[in-house]
Amino acid sequence: QQPVQSPQAVILREGEDAVINCSSSKALYSVHWYRQKHGEAPVFLMILLKGGEQKGHDKISASFNEKKQQSSLYLTASQLSYSGTYFCGTTLSSGSARQLTFGSGTQLTVLP
Amino acid sequence: DAGVTQSPTHLIKTRGQQVTLRCSPKSGHDTVSWYQQALGQGPQFIFQYYEEEERQRGNFPDRFSGHQFPNYSSELNVNALLLGDSALYLCASSFQGMYTDTQYFGPGTRLTVL
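Q: Any chance you could explain the side chain of Thr 20 of chain B here in plain terms?
A: All names here are of chain B. Position of Thr 20 relative to the elements: it lies in strand β3 (residues 19-24). A distance of 3.0 Å separates polar atoms of two side chains, one belonging to Thr 20 and the other to Gln 18. One polar contact links Thr 20 to Asn 77, side chain to side chain, over a distance of 2.6 Å. When sequence neighbours within four positions are dropped, the list of residues in contact with Thr 20 reads Pro 8, Glu 75, Leu 76 and Asn 77.

Pasting the structure below:
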C-alpha cells in the first residue's frame, strides 16, 4: 500500500532539472508532495486530486496520471534551497477519514 | 497565524516507561493526525482524531493511544516504551471541511528510548 518513490537519491548542480516519481498499485484519490530538510518538519508543497491535473508554483510543478496511478514532481532550474528529502503521500479514499500513506522519500542534493 | 506546535521538542525515556506528547493544531483546523518517522524513512500514520474521537488508525499496537480535547489540541500517549519506539513523532493538522484535506506538520518531538 505504501507508494514507491524513485529515484531514492539524486544530485544536481544549480540550474539543472529533476523529476521525482511516485507510484501506487492502488487507485488513488489524491497525491500530496512534501519537502523535508534535515531536522525539520515536512513542508507542504502541493496536492493533486484524481483527474490528471497538473499544478505548480514557482519552478516546482507536479502531475498526476490517473491511468498509471503515478505522480511526478518536476523541479526546474533547481536552486540550493531545493535540497532536502521529498516525500509523496497518497490517499485511497474520498471518504471523510483520509489516511495519508507516505513513500520512503527521495533525497535531493543541489550543489553550487 | 500560529502554525502547528508540539511539545516537548526532545524527550529521553527508558524502556518500560510511559510518555505523553502534545500538539496544538493550526488556527482554524479541527483534525489532528499523528505520525512516527524513523530515521531515513517516511512518516508512518499512527491515528487521526476528529471531534474528539479516533477516526482512523494505522498499524500500531494498543500501546499507542491518543486524545483530542474540545479546543482541538491532541495528545499522543505511548505505554511500555520499547527501544524501537525511538523516532521523531510528528503531528499534522487539517480542516475537515476542505475536500483536499491538506495536512500541515508541526516541528515534531524527538523521542529517544534508552
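From this point, things continue past the structure.
Q: Got a minute to help me understand the state of the cysteines in this structure?
A: Here a disulfide denotes one covalent bond, and it connects the sulfur atoms of two cysteines. Overall, the coordinates contain two disulfides over all chains when judged by the stated rule. Each sulfur of the disulfide joining Cys 22 of chain A and Cys 88 of chain A lies 2.0 Å from the other. Between Cys 22 of chain A and Cys 88 of chain A, the disulfide has an S-S torsion of 75° and is therefore right-handed. Of this pair, Cys 22 of chain A sits in strand β3 (residues 18-23) while Cys 88 of chain A sits in strand β9 (residues 84-91), and the two are 66 residues apart along the sequence. Given a relative accessible area of 1%, Cys 22 of chain A falls into the buried group. Judged by relative accessible area, Cys 88 of chain A falls into the buried class, the value being 0%. Paired through a disulfide, Cys 23 of chain B and Cys 91 of chain B show a sulfur-sulfur distance of 1.7 Å. The sign of the -50° torsion about the S-S bond sets the Cys 23 of chain B-Cys 91 of chain B disulfide as left-handed. Of the two residues, Cys 23 of chain B is situated in strand β3 and Cys 91 of chain B in strand β9 (residues 87-94); the sequence distance between them amounts to 68 residues.

Q: How should the sheet that holds β3 of chain B be read in this particular structure?
A: Consider a sheet: its strands pair through backbone hydrogen bonds, and that pairing is either parallel or antiparallel. Residues and elements named next belong to chain B. Read across the open sheet, the four strands follow the order β1-β3-β8-β7; overall the sheet is antiparallel. With partners counted over all chains shown, the strands left at the sheet margins are β1 (5-7) and β7 (64-68), one partner each. Strand after strand, the sheet turns through a mean of 20° between neighbouring axes, direction not considered. Two elements, β1 and β3, share three bridges in a ladder whose sense is antiparallel.

Q: How should the layout of surface pockets be read in this particular structure?
A: Which parts of space are left empty comes out when a probe the size of a water molecule is rolled across the atoms. Empty space within the largest pocket amounts to approximately 530 Å³. Gln 36, His 38, Thr 85 and Phe 87 of chain A together with Gly 40 of chain B are the residues nearest the centre of the largest pocket, which is lined by 23 residues in total. Listed by contribution, the elements that provide at least two residues to the lining of the largest pocket are β9 and β11 (106-111) of chain A. The greatest single-element share of the lining of the largest pocket, amounting to four residues, is contributed by β11 of chain A. The class makeup of the residues in the lining of the largest pocket is five nonpolar, 15 polar and three charged.

Procedures and definitions
- Residues numbered from 1 in each chain as written.
- Chains lettered and ligands numbered in written order.
- Predicted model: local features only at pLDDT ≥ 70, side-chain atom pairs only at ≥ 80, totals over all residues.
- Heavy atoms only, no water.
- Helix = DSSP H or I, 4+ residues; strand = E, 2+ residues; numbered from the N terminus.
- Polar contact = N/O pair within 3.5 Å; in protein donor to acceptor, adjacent residues only side chain to side chain.
- Contact = heavy atoms within 4.5 Å.
- Disulfide = S-S within 2.5 Å.
- Buried < 20%, exposed > 50% of the residue type's maximum accessible area, 1.4 Å probe, protein only.
- Pairing = 2+ DSSP bridges.
- Axes fitted to C-alpha atoms, helices over the stretch in contact; angles between N-to-C directions.
- 1 Å grid on protein atoms, 1.4 Å probe; cavity = no way out; pocket = protein on both sides within 12 Å on 5 of 7 lines; lining within 4 Å.
- Points joined across faces, edges and corners; volume = space filled by probe spheres on them.
- Nonpolar A, V, L, I, M, F, W, Y, C, P; charged D, E, K, R; others polar.

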